[in-house]
Amino acid sequence: MKYYPEFETLLLEQEAGATTLLLKFLNILTRFFTENSNFSRDEQIKKIQFFYKKVTEAHPLMAIFPNLYKYIMDTFQKGDQTVPEIIEIFREALNDKIDKTVETASSLIEDGARVFSFSHSSIVRKSLVRAMQNDIIFTVHTTECRPVNEAVNLAKFLARYEIEVMLYTDSAMEKAIERCDLAMVGTDWYWKNGFVNKIGTGLVSRLCREKKIPLYVLTDSSKEMPGPPGDWSKDNHPASLILAESIPNITVFNPYFESVAFAKPGGIIINGSLHHF
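An account of the accompanying structure is given in this report. This is a predicted model, so every value here is computed, not measured. (Residues numbered from 1 in each chain as written. Predicted model: local features only at pLDDT ≥ 70, side-chain atom pairs only at ≥ 80, totals over all residues. Heavy atoms only, no water.)

**Things to note about the overall build of the protein**
Item 1. Secondary structure summary: the protein contains nine helices and 10 strands in total.
Item 2. For the protein, whose C-alpha radius of gyration is 20 Å, the value lies close to the compact-globule estimate of 19 Å for 277 residues.
Item 3. The C-alpha extent of the protein, read off along each of the three principal axes, is 60 × 55 × 35 Å.
Item 4. Considering the protein as a whole, with its 277 residues, one finds that 50% of them fall into the buried category.
Item 5. When contacts within the protein are restricted to residue pairs at least 6 apart in sequence, those whose partners lie at least 24 apart make up 76%.
Item 6. Here the protein displays about 13,500 Å² of accessible surface, and carbon together with sulfur accounts for 51% of that area.
Item 7. With 31 positive and 35 negative side-chain charges, the protein shows a separation of 3 Å between the mean positions of the two kinds. (Helix = DSSP H or I, 4+ residues; strand = E, 2+ residues; numbered from the N terminus. Rg over C-alpha atoms; globule rule 2.2 N^0.38 Å. Buried < 20%, exposed > 50% of the residue type's maximum accessible area, 1.4 Å probe, protein only. Contact = heavy atoms within 4.5 Å. Areas by Shrake-Rupley, 256 points an atom, 1.4 Å probe, with all protein chains shown as cover. Lys, Arg positive; Asp, Glu negative; His and termini not counted. Charge placed at Lys NZ, Arg CZ, Asp CG, Glu CD.)

Below you can see the structure in the form of structure tokens.
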């Protein structure tokens, strides 16, 4: 099967968060199954399985893809709805859940607040923008998030909304956090006792706990799983992002994700509901 260029790009994407990738994936699926509506139901099931296999191979630590796959397959095999119709219902419900989380998260930001954020979560970004739209004056503190530097792009985005951003090097994370009143991060996968996010989030959590700064994990239920990921073997990304040349006796480790235990103070906001740790 010939890929769409945007699907190739999605498979190679390393900066975007889980929700952004999911929304792009939904657009790709909608386009494909709309353009190929003449496929038999058996053929459509095979194509759903094909897309699922490819996207989970590329992004194995994102819970949204197995959850979406189960939803589409269960709904498609039980009724007469088309794949685009199923996706549109899923998308509308997802956007509603995200909006509820954004509303709750933005309400935690008070005038004069100093908010620490790590990486570039779209749901955190939306929460910060919502607070600004509610006429709350606050500052955002973040670190660059090497090697992809996604937080640099977050800083640029927020600055265009005239939100003041303090951008630190990753090694200055402690200095950034100790000046803040609260911290917000997203997640790609969560369960009863913890969550998965960009590597470095574990240090954020420990520093927040040490300095008694509440850390809030912002998410929706599309990322819920019964337990942590079992296979981390593919979480080793290009060494060239760290060291351009190959040098004997130097081994580069470039993992992107880590598992973080929930810890007080703070909580997780799921579909708008705040659950304290």
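After that view, the rundown keeps rolling.
**A look at the nonpolar core**
Item 1. Ranked by size, the top nonpolar core spans 60 residues in total, and within it Phe-25, Ile-109, Phe-138 and Met-184 carry the most contacts.
Item 2. Residue contributions to this core peak at nine residues, all from helix 2 (residues 18-35).
Item 3. Setting aside its immediate chain neighbours within four residues, Ile-109 contacts Val-115, Ser-127, Leu-128, Ala-131, Ile-136, Phe-138 and Met-184.
Item 4. Membership of the second largest hydrophobic core comes to 24 residues, among which are Phe-195, Leu-207, Phe-262 and Ile-268. (Core = buried A, V, L, I, M, F, W, Y, C linked by side-chain atoms within 4.5 Å.)

**Some remarks on the packing of helix 1 (residues 5-12) against helix 2**
Item 1. Close contact between helix 1 and helix 2 brings their axes to 10 Å; oriented N to C, the two are set at 155°. The pairing of helix 1 with helix 2 is recorded here as roughly antiparallel in orientation. You can see that helix 1 and helix 2 cross each other, and the crossing is left-handed. Between helix 1, through Glu-6, Phe-7 and Leu-10, and helix 2, the contact on the second element is made entirely by Leu-21, Lys-24, Phe-25, Ile-28 and Arg-31.
Item 2. Tallied by class, the residues present in the contact of helix 1 with helix 2 amount to five nonpolar, no polar and three charged. (Axes fitted to C-alpha atoms, helices over the stretch in contact; angles between N-to-C directions. Parallel < 35°, antiparallel > 145°, perpendicular 65-115°, else oblique. Left-handed = near helix turned anticlockwise from the far one by under 90°. Nonpolar A, V, L, I, M, F, W, Y, C, P; charged D, E, K, R; others polar.)

**Section: the packing of helix 5 (residues 83-107) against helix 6 (residues 122-133)**
Item 1. In the contact formed by helix 5 and helix 6, the axes pass within 8 Å of each other and the chain directions differ by 55°. Our classification of the angle between helix 5 and helix 6 gives oblique. Once helix 5 is placed against helix 6, the crossing between them reads as right-handed. Judged by residue contacts, Ile-98, Asp-99, Thr-101, Val-102, Glu-103, Ala-105 and Ser-106 of helix 5 engage Ile-123, Lys-126, Ser-127, Arg-130 and Ala-131 from helix 6.

**Some words on the environment of Gly-200**
Item 1. Relative to the helices and strands, Gly-200 resides in the loop between strand 6 (194-198) and helix 9 (201-210).
Item 2. In this structure Gly-200 comes out as buried when scored by relative accessible area, which is 18%.
Item 3. Put simply, Gly-200 and Asp-99 are 101 residues apart on the chain and 26 Å apart in space, counted from C-alpha to C-alpha.
Item 4. When sequence neighbours within four positions are dropped, the list of residues in contact with Gly-200 reads Phe-118, Met-173 and Glu-258.

**A closer look at the side chain of Glu-258**
Item 1. By the element assignment, Glu-258 lies in strand 8 (residues 257-261).
Item 2. Although Glu-258 is buried, it makes no salt bridge; Arg-206 carries the closest opposite charge, 5.8 Å away.
Item 3. Of note is the side chain of Glu-258, whose polar atom sits 2.7 Å from the backbone nitrogen of Gly-200.
Item 4. With residues near it in sequence (within four places) discarded, Glu-258 still touches Phe-195, Val-196, Asn-197, Lys-198, Ile-199, Gly-200, Thr-201, Gly-202, Leu-203 and Trp-232. (Salt bridge = Lys/Arg side-chain N within 4 Å of Asp/Glu carboxyl O. Polar contact = N/O pair within 3.5 Å; in protein donor to acceptor, adjacent residues only side chain to side chain.)

**Observations regarding unusual backbone geometry**
Item 1. With an omega of 10°, the peptide bond running from Arg-146 to Pro-147 counts as cis.
Item 2. Its place among the elements puts Pro-147 in the loop between strand 2 (139-143) and helix 7 (150-160).
Item 3. The residue Asp-135 is not glycine, and still its phi comes out positive at about 70°.
Item 4. By secondary structure assignment, the location of Asp-135 is in the loop between helix 6 and strand 2.
Item 5. Not every positive phi belongs to a glycine, and Lys-212 is a case in point at roughly 55°.
Item 6. Along the chain, Lys-212 falls in the loop between helix 9 and strand 7 (215-219).

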